[in-house]
Amino acid sequence: MNNPIPQPTLAYTADLEMFLSYVLWGCTVLGLLGMAYGAAMVFRPQYPGGGVSKALPICGGGLLIAIAATAVRVVLLPVSTEEATDLPSADAPAIPAAPAPPTVDAAPDVPMDWTPLVWIVIAVLALVLAAYLIVRTRSHVVDRRNAKKALEADYAAAHAVYSEVADVYAAYLADPYSIFIRPLLDDLTEPRTAAFIDAFAAMNDVRTEQCPDTPERVQAFAVAAQKARTAWRSADGYARTMGLRVTSVDGQRTVRRIRSALGIALDTSSTGQERETALRTVEELAAGIVTIPDRIYDNVKIAIETTTRKQLTS
């Protein structure tokens, strides 16, 4: 009686299949973790080596590892241990085949289970979408922050020009003796002075206390401030060049008397009667020589009334 012939060794054992399954699942998880870390680098650039340029290769490598591991698992692991059981041994002598047993209907082939691959693809797509949204959102936030800083810088520059013009004009208005140096700055019939007054008013119309929300408003304010500064420099320079336009000796003597009387009228140590007499002298002497602005008369009159009231109540 012949000894039984040993069957050939199977290609894959159950233990090997389980080991490969664990390894491939580990590779898949490693790929997913790589994509998650890459997305975290994009969202949190303070991570070591963070940045979009370095995060994208990490995300791509993780995606490739996850897909490759899943594909290998789907392709290799379904190989059955029953595939080679009917193959004859190359070294054993051929023996006559035993009579075939009665045929039994074989079990239908089980279709390949694509569920793990589908879930892996869904997870990968979700991570890719999340990374894209994170990058896009972060980019928009950074762009808005930079735009706001640029807008505030432009507004600060425009406001600095505004402050420059407002300060020099206020200094002129507060100096009563400036009319002897730049009298044309109070003459609205002078085209340069009129142009400055219009530009100054236009600048104040578009000025806001806070930085506007739109670049258009900031640009309008900046343009108006530049126009006002240019108009002021033109009007002030021309007024200084022209001066009081008094050339005769008698006229210059009269101007000196006007300045002296105006000094007495503005002197807080003078009595109310002295200041009022000096103011009338200024009005009489200035006729035909220099136009004293109403603001100077008004300020002196208020000061005289205040001085007189204190003298009466003291």
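Because the structure is a prediction, the values reported are computed rather than measured. (Residues numbered from 1 in each chain as written. Predicted model: local features only at pLDDT ≥ 70, side-chain atom pairs only at ≥ 80, totals over all residues. Heavy atoms only, no water.)

1. What to know about the overall build of the chain
Keep this limit in mind: What counts as a helix is a DSSP run of H or I of at least four residues, what counts as a strand is a run of E of at least two, and both are numbered from the N terminus. Type-normalised accessible area, obtained with a 1.4 Å probe on protein chains alone, sets the label of each residue: buried when under 20%, exposed when over 50%, and partly exposed for intermediate values. Two residues qualify as a contact provided that any one of their heavy atoms is within 4.5 Å of a heavy atom in the partner residue. In this description, accessible areas are obtained by the Shrake-Rupley approach with a 1.4 Å probe, and a residue is regarded as covered only by the protein chains that are shown.
Along its length, the chain carries eight helices and zero strands. Starting at the N terminus and ending at the C terminus, the chain contains elements arranged as α-α-α-α-α-α-α-α. Split into buried and exposed, the 314 residues of the chain put 27% on the buried side. Of all intrachain contacts in the chain linking residues separated by at least 6 positions in sequence, the fraction that spans at least 24 positions is 74%. For the chain, the computed accessible surface area is about 20,900 Å², with 62% contributed by carbon and sulfur atoms.

2. So, the packing of helix α4 (residues 191-206) against helix α5 (residues 215-242)
Put simply, the test is: Axis definition: a line fitted to C-alpha atoms, limited for helices to the stretch in contact. Angles are taken between N-to-C directions and run from 0 to 180 degrees. Each angle is binned into one of four classes, with values under 35 degrees roughly parallel, values over 145 roughly antiparallel, values of 65 to 115 roughly perpendicular, and all other values oblique. The sense of a crossing depends on the near helix, which, turned anticlockwise from the far helix by less than a right angle, makes the crossing left-handed and, turned clockwise, makes it right-handed.
For the pair α4 and α5, interaxial distance at closest approach is 8 Å and the crossing angle is 155 degrees. In this view, α4 runs roughly antiparallel relative to α5, as classed from their interaxial angle. Here α4 and α5 pass one another in a crossing that is left-handed. For the pair formed by α4 and α5, the contact residues are Arg-192, Thr-193, Ala-195, Phe-196, Ala-199, Phe-200, Ala-202, Met-203 and Val-206 on the first element and Ala-220, Phe-221, Ala-224, Ala-225, Lys-227, Ala-228, Ala-231, Trp-232, Ser-234, Ala-235 and Tyr-238 on the second.

3. What about the pattern of salt bridges?
In plain terms, the rule: Any Lys or Arg side-chain nitrogen located within 4 Å of an Asp or Glu carboxyl oxygen qualifies as a salt bridge.
Scanning the entire structure with this criterion turns up nine salt bridges. With a closest N to O distance of 3.5 Å, Glu-209 and Arg-207 form a salt bridge. For Arg-207, a relative accessible area of 23% translates into the label partly exposed. One connected set of salt bridges, linked through shared partners, spans Glu-164, Arg-229 and Arg-233.

4. Notes on the nonpolar core
Selection criterion: As used in this record, nonpolar core signifies buried Ala, Val, Leu, Ile, Met, Phe, Trp, Tyr and Cys residues forming a set joined through side-chain atoms within 4.5 Å.
Among the nonpolar cores identified, the biggest contains 24 residues, and Val-165, Phe-196, Phe-200, Met-203 and Trp-232 are the most heavily contacted of them. Elements that contribute at least two residues to this core include exactly α3 (115-174), α4 and α5. In this view, Val-165 contacts Phe-196, Phe-200, Met-203, Ala-228, Arg-229 and Trp-232; residues no more than four positions away in its chain are not counted. Val-246, Leu-262, Tyr-297 and Ile-304 belong to the second largest nonpolar core, which has 20 residues in total.

5. As for helix α7 (residues 272-286)
Residues lying three or four places apart along an α-helix face the same way, a consequence of the helix completing one turn every 3.6 residues. To be explicit about the condition: The span one expects for a helix is its residue count, reduced by one, times 1.5 Å. Picture the helix axis, draw a direction to every C-beta atom, and the arc is the one those directions span.
The end-to-end C-alpha separation of α7 is 21 Å, in line with the 21 Å expected for 15 residues at 1.5 Å each. Of the residues making up α7, those classed as buried are Gly-272, Arg-275, Ala-278, Leu-279, Val-282, Leu-285 and Ala-286. Taken end-on, α7 shows its buried residues confined to a sector of 155 degrees, consistent with a single buried face. Residues of α7 that are exposed and angled more than 90 degrees away from the buried face: Gln-273 and Glu-284. Following α7 by one or two positions, Gly-288 has its phi on the positive side, about 85 degrees.

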